Amino acid sequence: MSLIELATDGVFIPQRGLQKEELSALDGRLAEIRDSIYERDLSEFAAGTASDERLPLDTAFVDLPDRLLHTYKSDRDQSVLNDVLVVARRLSELVDRVVVLGIGGSYMGARALMESLCHPYFNELSRGQRGGYPRLYFEGNNVDNDALQGLLDLLLQGNEWQHVEDRWGIVPISKSGGTTETAVAFRIMLAKLRELAGGTVSDYIVPITGADGRLDQMTKGLGCGEMLEVPDGVGGRFSVLSAVGLLPAALLGIDIVRLLEGAKAMNEHFRQAAAAENIVLQFAAIGHLMDVKRNANIRVLSVWSKSLEAIGLWYDQLLAESLGKNQLGATPITTVNTRDLHSRAQQHQQGCYDKLIVNVLPGRHRTDALTVGHHEKNEDRLNDIADKTVPEVLDAAILGVDQALRGDDRPAIGIELGEINPYTVGQLLQMLMLATVVEGRLLHINPYGQPGVQAYKTNMDRNLGR
Ligand code: PA5
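What this report covers is the structure whose coordinates are included nearby. These numbers were taken from a predicted model, which means no experiment stands behind them.

The rules behind the values
Each chain has its residues counted from 1, following the order in which its sequence is written. In view of the model being predicted, local features appear only for residues whose pLDDT reaches at least 70, and side-chain atom pairs are presented and counted only at 80 or more, with totals across whole chains, interfaces and linings using the full set of residues. The basis for the side-chain values is all heavy atoms of the structure; hydrogens and waters are excluded. One speaks of a salt bridge when a side-chain nitrogen belonging to Lys or Arg is within 4 Å of a carboxyl oxygen belonging to Asp or Glu. Put simply, a residue is near a molecule or strand once any heavy atom of it comes within 4 Å of that molecule or strand. For the purposes of these results, a polar contact is taken to be a pair of N or O atoms within 3.5 Å, where, inside protein, one atom must be able to donate a hydrogen and its partner to accept one; residues adjacent in sequence count only when each atom of the pair is a side-chain atom. Reported accessibility uses the Shrake-Rupley method at a 1.4 Å probe radius. Residues are deemed covered only where the shown protein chains occlude them. Gly counts as polar in this scheme, as do all residues outside two lists: the nonpolar Ala, Val, Leu, Ile, Met, Phe, Trp, Tyr, Cys and Pro, and the charged Asp, Glu, Lys and Arg. A 1.4 Å probe that fits but cannot get out identifies a cavity on a 1 Å grid over protein atoms alone, an open set with protein on both sides within 12 Å along at least five of seven lines counts as a pocket, and a residue lines either if it has an atom within 4 Å of a point. Grid points are joined across faces, edges and corners, and a volume is the space filled by probe spheres set on the points. Helix and strand definitions here come from DSSP, where helices need a minimum of 4 consecutive H or I residues and strands a minimum of 2 consecutive E residues; each element is numbered from the N-terminal end. Here, nonpolar core means buried Ala, Val, Leu, Ile, Met, Phe, Trp, Tyr and Cys residues that are tied together by side-chain atoms lying within 4.5 Å of each other. The buried label goes to any residue with under 20% of its type's maximum accessible area, the exposed label to any with over 50%, and the partly exposed label to all in between, with areas taken from a 1.4 Å probe on protein chains only. Where each domain begins and ends follows an automated or database-derived domain assignment. Whether two residues are in contact is decided by their heavy atoms: any pair within 4.5 Å suffices. Fitted lines through C-alpha atoms serve as axes, helices being fitted only where they are in contact, and the angles separating the N-to-C directions of these axes extend from 0 to 180 degrees. For classification, angles of less than 35 degrees are called roughly parallel, those exceeding 145 degrees roughly antiparallel, those between 65 and 115 degrees roughly perpendicular, and all remaining angles oblique. Crossing handedness is read from the near helix: turned anticlockwise from the far helix by less than a right angle, it gives a left-handed crossing, and turned clockwise, a right-handed one.

**Some words on the pattern of salt bridges**
Within this structure, the stated rule accounts for 26 salt bridges. One connected set of salt bridges, linked through shared partners, spans R40, D41, E44, R54 and R441.

So, in structure tokens, the structure goes:
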């Protein structure tokens, strides 16, 4: 099966880029880090023997896709993947809208999967056009009265609860089970659900959480029989390929087995390929060297499809929360091209030399190519490109930006997907998670945990009089 590709030419440019020798000098260290992830991190996690200064050690995401697929194939009825698919099928048949409540790692991955792999106007389609899968909404990811009320307006507009089109459910997601934003939204939505569904709401709620947390206790108290777990040793922003991302994806009809197979293929590559050919290690090393040796500490993930924007936002969180520690770590920014060529590109082309551009190239388009077409009077002067297709116009823009950046000595690399599908998205997500851990190790930073986020939570609680 083919692997997504990393194009590195654009970083080997004269003044501001890297030299090939600088990169190859890191090969030994990279292979050591990769091996220690398997030989030390995973085994210390499994045995619970990591010393205090190595904690948290949320390394279980590394082989999670392999483990999930293995159990699904060897013991289907007992597998988490089967549970996810069964729950998704039941809920899809019961309701027409599902609200995913969660924040940070408990929602960004699911949103990335929806935006990259579903129809761009999925929620606007009829139930039939959606293949019977429910519309999906995200809340509990902010404290925003108007946004929450807006969603309630939408959910409460149909009041014939006996009709599937008017029924909705909630998937509250919180690993800790106690995140205020998510808990407040859950309580408010639950009250509305009770008004509509009457006494028994348990069928309409599927929590994804850690065992024995407040969310676990609350939903058990409601009589919810189906609970999916955030696995031990998988941190929020590394949880997209656990039930946290998989249940919302399955609810949307995304092929989650294929998604995991893509991630597994990336794991195999990561484990087996020599450092110089290893796209995870090379991506981490280029980002690291540009950051520490060229002061290019702004990481611009430049995605060339609107559908990839939420993957960019997911990566923003991954990089920022994992490496933004000890006054270190690159600052992530997502841009969507060609849209942001009309907003950010000026700065990327001629601003400070503090950026590494990472183009994410979608490859083949999923729908038939649209042609510009002729217009009799040609007022818009487009008849000279009347026979060109939209993908051809995009290719010209990609090449044009590449030429312009090179002309100005602006380092850029590319991740080439070939096509956006569950298999390539699974690869991309796993690649970026693994590379972030490697980059953390290169910086001598623990990529897991986010101790800096606690300060606001403590202050907020105090300000609430708690
Ligand atoms: O990456 C992380 O761990 C965080 O962003 C969490 O996902 C986020 O804070 C939400 O936490 P929880 O899932 O416990 O509600």
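**A look at the site of the ligand**
In the vicinity of the ligand, 13 residues are found, and the nearest of them are S106, S174, S176, T179 and Q317. Between the ligand and G236 there is a distance of 3.3 Å, counted from an oxygen atom to a backbone nitrogen or oxygen. In this structure, R237 approaches the ligand through a main-chain N or O atom, which is 2.9 Å from an oxygen atom. Computed on the free molecule, the ligand has an accessible area of 380 Å², of which 89% lies beneath the protein chains in the complex. Of the residues that constitute the shell around the ligand, the class distribution is one nonpolar, nine polar and three charged.

**Comments concerning empty space enclosed by the protein**
The tally for this structure, following the rule as stated, stands at one cavity of 30 Å³ or more. Quantified by volume, the largest cavity comes out at close to 40 Å³. Around the largest cavity, the lining residues are L301, V303, L308, I311, V360, I415, L428 and L432. Residue assignment for the lining of the largest cavity shows that the elements contributing at least two residues are strand 7 (298-303) and helix 15 (422-442).

**Some points on the nonpolar core**
The biggest cluster of nonpolar side chains holds 132 residues, and the ones touching the most others in it are V171, M189, L247, F283, W314 and I415. Of the residues forming this core, the biggest block, 11 residues, is contributed by helix 15. In this structure, this core is formed jointly by two domains, domain 1 (5-54 + 258-448) and domain 2 (64-254), each of which donates at least three residues. Aside from chain neighbours lying at most four places away, what touches I415 is I4, E5, L6, F283, V358, N359, V360, L361, L428, M431 and L432. Counting nine residues, the second-largest nonpolar core is a separate cluster that includes I298, I333, L361 and A412.

**Focus: the packing of helix 3 (residues 64-74) against helix 10 (residues 256-272)**
The interhelical angle for the contact between helix 3 and helix 10, taken along N-to-C directions, is 125 degrees, at an axis separation of 8 Å. As far as their axial angle goes, helix 10 and helix 3 are oblique. For the pair helix 3 and helix 10, the sense of crossing is left-handed. Residues P65, D66, L68, L69, Y72 and K73 of helix 3 touch helix 10, and the partners they reach there are V257, L260, E261, A263, K264, N267 and R271. Its residues placed into classes, the contact of helix 3 with helix 10 shows seven nonpolar, one polar and five charged.

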